[in-house]
Amino acid sequence: MLILGIESSCDETGVALVEGGAHAIPQLLSHALYSQIAMHQAYGGVVPELASRDHIRRVIPLTREVMSESHKTLSDVDVVAYTRGPGLAGALLVGAGVACALGASLQKPVIGVHHLEGHLLSPFLSADPPEFPFVALLVSGGHTQLMRVDSVGHYILLGETIDDAAGEAFDKSAKLLGLGYPGGPALSKLAESGDPTAFKLPRPLLHSGNLDFSFAGLKTAVMTQAKKLGDSIDQRKADLAASTEAAIVEVLLKKSLTALQDTGLNRLVVAGGVGANRHLRAQLNAACAWRGVRVHYPELHLCTDNGAMIAMAAAMRLQVQPALAQKNYGFDVKPRWPLADLS
Ligand code: KG4
Ligand code: ZN
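All residue numbers refer to positions counted from 1 along the written sequence of the respective chain. To read the labels, note that chains go from A and ligands from 1, taken in the order they are written. Owing to the predicted nature of the model, reporting of local features is limited to residues with pLDDT of at least 70; listing and counting of side-chain atom pairs is limited to 80 or more, with chain, interface and lining totals taken over all residues. Neither water nor hydrogens contribute to the side-chain values; these are computed over all heavy atoms in the structure.

### A short note on the pairing of strand 8 (residues 154-160)
Here is step 1: Note on pairing: DSSP must find at least two bridges between two strands before they are called paired. Strands here mean DSSP runs of E at least two residues long; helices mean DSSP runs of H or I at least four residues long; both are numbered from the N terminus. Bridging between strand 7 (residues 144-151) and strand 8 involves six bridges; their strand directions are antiparallel. Within strand 8, the residue paired with Ser-151 across the bridge is His-154.
Here is step 2: Taking the residues between adjacent antiparallel strands as the criterion, strand 7 and strand 8 are bridged by two residues, where Gly-153 takes a positive phi near 90°.

Here it is, written out as structure tokens:
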């Protein structure tokens, strides 16, 4: 079964083709991605209206690219999947509209996918896919959650951020340091030449006794320190970047370990854009190896938003709930959509 996946929830247009079957792990045939980062950089963040318009420009050429790379034609597609939410309403509508129009013209069923379920299942596209059950650390630009994942569609929320997401903490801190958008990769790069112990920054909710996160206080502390730095020399900025990264990573690490301990599970899946962070990966790998816990990540290039994870999530969903794909082309999107609602 060939599944075409379309992602357009934020600032990346992604299209992919996945081959799914009744039981085996679905395989990625090809994927294409267009990142709008350069366009939004001038504004210091995503401009929703510009994002929607750019998705319109990109989605059809990307679809053609994916079809030709995999030597398939649109008539070979069995199901069209799209990101139904959460995300920017206008941006989601582009992917949903194109997917439903394609489905209607091909007379093939369509399926709306939860963006975070896409991230969550994206490690199944890697050479070392996980097995159920596992603890998932979902760390993206808009979400920071720990979930217990028993099987496809069975997600129990263990804890989440009560304010900013981890990616947001990276992005906002990077902005305060005068780095570009999106800030995570830039801050992480600068941190490489800094001293992570140079600044004493708060580790919010580290000892809260639950699995919730809070990063707003950290951002305020970074702001105070960044103001003091002013136009000071680069080394101090690198030190502040390294200290910020260390604070975020320590909280993510400790809470993940607590979640593993609480659930008694010995498998951790890390997904979402922040999962690309090298320092986070190194710390998690070391701590988990010591505890006999296996850690799984998506391939580095599939950590941030992409169409492959949407096609993959659709394929895995359809293995357990084939009736989900329907010839119902009256689409609606869900800009706000808790992942636990899927269970
Ligand atoms: O999952 P994603 O592509 O989009 C959302 O669904 O939100 O995640 C984007 C987030 C941004 O906040 C970005 O700064 C962060 O992931 N990010 C990183 C790194 N690469 C991306 N944060 C820290 N280190 C990185 N290497
Ligand atoms: Zn995402």
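Once the structure has been displayed, the description carries forward.
### Looking at the sheet that holds strand 4 (residues 79-85)
Here is step 1: Ordered by their spatial adjacency, five strands build an open sheet running 3-2-1-4-5, and the pairing between neighbours is mixed. Two strands close off the open sheet at either side, each with one partner strand: strand 3 (27-35) and strand 5 (110-114). Between one strand axis and the next, the sheet turns by 20° as a mean value, whatever way the strands run.
Here is step 2: Looking at chain direction, strand 1 (residues 2-7) and strand 4 are connected through four bridges and run parallel. Note that in strand 4 the partner of Ile-3 across the bridge is Val-79. Here the axes come from fitting lines to C-alpha atoms, over the contacting stretch only for helices, and the angles between their N-to-C directions go from 0 to 180 degrees.

### Comments concerning the site of ligand 1
Here is step 1: In the region of ligand 1, 18 residues are neighbours, and His-119, Gly-141, Asp-171, Gly-273 and Asn-277 sit closest.
Here is step 2: Side-chain atoms alone can form a polar contact between residues adjacent in sequence; in general such a contact is a pair of N or O atoms within 3.5 Å, and within protein one must be able to donate a hydrogen while the other accepts it. One of the side-chain nitrogen or oxygen atoms of His-115 is found 3.1 Å away from an oxygen atom of ligand 1.
Here is step 3: Between ligand 1 and Gly-142, the relevant distance is 3.4 Å, taken from an oxygen atom to a main-chain nitrogen or oxygen of the residue.
Here is step 4: Per-residue accessibility takes into account occlusion by the displayed protein chains alone, with areas from the Shrake-Rupley method and a 1.4 Å probe. Burial of ligand 1 by the protein chains amounts to 86% of its free accessible area of 550 Å².
Here is step 5: Listed by contribution, the elements that provide at least two residues to the shell around ligand 1 are helix 4 (115-121), helix 5 (166-176) and helix 6 (183-191).
Here is step 6: Ranked by the residues each element gives to the shell around ligand 1, the list is headed by helix 5, at three residues.
Here is step 7: As a working rule, the residues Ala, Val, Leu, Ile, Met, Phe, Trp, Tyr, Cys and Pro are called nonpolar, Asp, Glu, Lys and Arg charged, and the rest polar, with Gly in that last group. In the shell around ligand 1, the residues fall into five nonpolar, 11 polar and two charged.
Here is step 8: Two domains each donate at least three residues to the shell around ligand 1, and these are domain 1 (2-122 + 302-341) and domain 2 (132-297). Being near a molecule or strand, for a residue, comes down to having at least one heavy atom within 4 Å of it. An automatic or database domain assignment supplies the start and end points of every domain.

### A short note on the coordination of the zinc ion (ligand 2)
Here is step 1: Donor atoms: N, O and S within 2.8 Å of the metal, or within 3.2 Å for Na, K and Ca. Because water is excluded, sites can look incomplete. Every protein donor of the zinc ion (ligand 2) is accounted for by His-115 (NE2), His-119 (NE2) and Asp-305 (OD), and the metal-donor separations fall at 2.0 to 2.1 Å.
Here is step 2: When four donors show all angles between 85 and 135 degrees the site is tetrahedral, when four or six donors have opposite pairs over 155 degrees and all other angles between 65 and 115 it is square planar or octahedral respectively, and in every other case it is irregular. Taken together, the four donor atoms coordinating the zinc ion (ligand 2) and their angles of 94 to 136° define a geometry best described as irregular.
Here is step 3: Burial classification: accessible surface area is computed with a 1.4 Å probe over protein chains only, and a residue below 20% of its type maximum counts as buried, one above 50% as exposed, and the rest as partly exposed. Judged by relative accessible area, His-119 falls into the buried class, the value being 1%.

### Looking at the pattern of salt bridges
Here is step 1: One side-chain nitrogen of Lys or Arg within 4 Å of one carboxyl oxygen of Asp or Glu is enough to make a salt bridge. Throughout the structure, instances matching the rule amount to 14 salt bridges.
Here is step 2: Asp-150 is paired through a salt bridge with Arg-148; the nearest N and O atoms lie 3.0 Å apart.
Here is step 3: On the basis of relative accessible area, Asp-150 is assigned to the partly exposed category, the value being 29%.
Here is step 4: Classification of Arg-148 by relative accessible area gives partly exposed; the value is 22%.
Here is step 5: Residue Arg-278 is joined to Glu-192 by a salt bridge in which the shortest nitrogen-to-oxygen separation is 3.1 Å. Of this pair, Arg-278 sits in helix 9 (residues 278-291) while Glu-192 sits in the loop between helix 6 and helix 7 (216-229), and the two are 86 residues apart along the sequence. Accessibility classification places Arg-278 together with Glu-192 in one group, the exposed group.
Here is step 6: Each of Asp-164, Glu-168, Lys-172 and Lys-219 takes part in one network of salt bridges that share partners.

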